[in-house]
Amino acid sequence: MVVGDARAGVRPPSQPILVLAKSRRVIDVVAADPAGLTWRQVQRATGLPVSTTVRLLQNLVAEGFLDVIAGRYLVGLGVLRWARSRRIESRLTMLAQPELDALRDATGETAVLFVRHGDQRVLVGLAETRHEVVRLIGIGQVMPLHAGSAGKVFLAYEDEVRDRVLDFGELTSYTPGTIIDADRLRAELVGIQSCGWADSVAERDHGTASISAPVHDHTGELAAVLGIGVPEQRFTDANRSMWTEAVVTAARRLSAALGHAELTAGG
């Protein structure tokens, strides 16, 4: 087996670079807790000296590998954005792309696919509209769960995540349309579970709207959320009805491709 390329002058190191190994230990520990960790928790979990832990955390934040919010360290959002340079080639996204393309063609609007990462959602699939007026989004973009139709689908179908997000503290208001009352949002989530889809208008960004539906895997668990994003001026009552049916149908087709068998006609 070839383990190095002498012609290129590239060989694997005979000894691991210690600072990289320690940095990876820190990142692994932080990544394991979606709520983030204090520096003291990181130090205890890694067993590294205090001075080493503090220095590594500072450097990892400076380089974008970690973020620090209210004294807690989390995996840096920059890491997720870098993923756009390497289109995620998972089974999910490969199966989803034909459905995204078809949904874009059926509605004329941008079709999107999200997966959940901790208490946020990440855009992993995209088929952009051919309209001149578009929503500016890209692969790897990170968005909240409580604002926007896709995020609300995640909350509606994942009990533990819903309780953590809604009980954790004050919900951030992004626009006047953002639902920041936990009880009101819980009531809406019950309706989303009942009908099997969600919509939103200007909840995360001004002038935007969206419709989303759940994608289930072979175990029946929520695997992703599929939907469309549109400028608010094109989100008319007539379009909404037609687009909702198209989104739900596309989500069910993708679920079937993942091996999900609906137990009832309602899914």
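Scroll up to find the structure this text is about.
Residues numbered from 1 in each chain as written. Predicted model: local features only at pLDDT ≥ 70, side-chain atom pairs only at ≥ 80, totals over all residues. Heavy atoms only, no water.

Note that strand E3 (residues 110-117) and strand E8 (residues 222-231) share five bridges and pair antiparallel. Pairing of phenylalanine 114 across the sheet is with valine 225, part of E8. Bridge count for E3 against strand E4 (residues 120-127) is seven bridges, and the pairing is antiparallel. Of the residues in E4, the one forming a bridge with valine 115 is valine 122. Here E3 folds back onto E4, and the loop between the two strands holds two residues, one of which, glycine 118, carries a positive phi near 65°. (Pairing = 2+ DSSP bridges. Helix = DSSP H or I, 4+ residues; strand = E, 2+ residues; numbered from the N terminus.)

In this structure, arginine 91 sits in helix H5 (residues 91-107). We classify arginine 91 as exposed; its relative accessible area is 52%. Linking arginine 91 and leucine 258, residues 167 residues apart in sequence, is a C-alpha distance of 8.7 Å. Leaving out residues up to four positions away in the same chain, arginine 91 has contacts with Ala257 and Leu258. (Buried < 20%, exposed > 50% of the residue type's maximum accessible area, 1.4 Å probe, protein only. Contact = heavy atoms within 4.5 Å.)

A few words on the side chain of lysine 152. Among the secondary structure elements, lysine 152 is positioned in helix H6 (residues 149-157). Side chain to side chain, lysine 152 and glutamate 203 meet in a polar contact 2.9 Å long. Excluding residues that lie within four positions of it along the chain, lysine 152 makes contacts with Leu145, His146, Leu185, Glu188, Leu189, Ile192, Asp199, Ser200 and Glu203. (Polar contact = N/O pair within 3.5 Å; in protein donor to acceptor, adjacent residues only side chain to side chain.)

What follows is about the side chain of serine 23. Relative to the helices and strands, serine 23 resides in helix H1 (residues 18-31). Every residue in contact with serine 23, bar those within four places of it in the chain, is listed here: Leu56 and Leu60.

Leu113, Leu226 and Ile228 are the most contacted members of the largest nonpolar core, which totals 26 residues. For this core, the secondary-structure elements that each account for two or more residues are H5, E3, E4, strand E7 (208-216), E8 and helix H9 (237-257). When residues of this core are assigned to their parent elements, the largest contribution, six residues, is made by H9. Ignoring sequence-local partners within four residues, the contact set of leucine 226 consists of Leu100, Leu103, Val112, Leu113, Ile211, Ser212, Ala213, Val215, Val247, Ala250, Ala251 and Leu254. Core analysis: the second largest hydrophobic core is formed by 24 residues, Val112, Phe114, Val153 and Leu222 among them. (Core = buried A, V, L, I, M, F, W, Y, C linked by side-chain atoms within 4.5 Å.)

Another point: a nonpolar patch on the surface. Together, Ile17, Val19 and Leu20 line one region of the surface with nonpolar side chains, adding up to about 290 Å² of accessible area. With respect to the helices, strands and loops of the structure, leucine 20 is situated in helix H1. The class for leucine 20 is exposed, based on a relative accessible area of 54%. (Patch = residues over 30% accessible without salt bridge, like charges linked within 9 Å, V, L, I, M, F, W, Y side chains within 5 Å. Areas by Shrake-Rupley, 256 points an atom, 1.4 Å probe, with all protein chains shown as cover. Salt bridge = Lys/Arg side-chain N within 4 Å of Asp/Glu carboxyl O.)

Tallied over the full model, the rule gives 16 salt bridges. Aspartate 101 is the partner of arginine 104 in a salt bridge, and the nearest nitrogen-oxygen pair spans 3.9 Å. Placement of the pair is arginine 104 and aspartate 101 together in helix H5, with a separation of three residues, close to one helical turn. Overall, aspartate 101 belongs to the partly exposed group, its relative accessible area being 27%. Here arginine 240 makes a salt bridge to aspartate 199, at a shortest N to O gap of 3.1 Å. Separated by 41 residues along the polypeptide, arginine 240 in helix H9 and aspartate 199 in strand E6 (residues 198-201) bring together distant segments of the chain. Since its relative accessible area comes to 17%, aspartate 199 is described here as buried. Each of Asp101, Arg104, Asp105 and Arg130 takes part in a single network of salt bridges with overlapping partners.

Geometric values such as these leave the question of function open.
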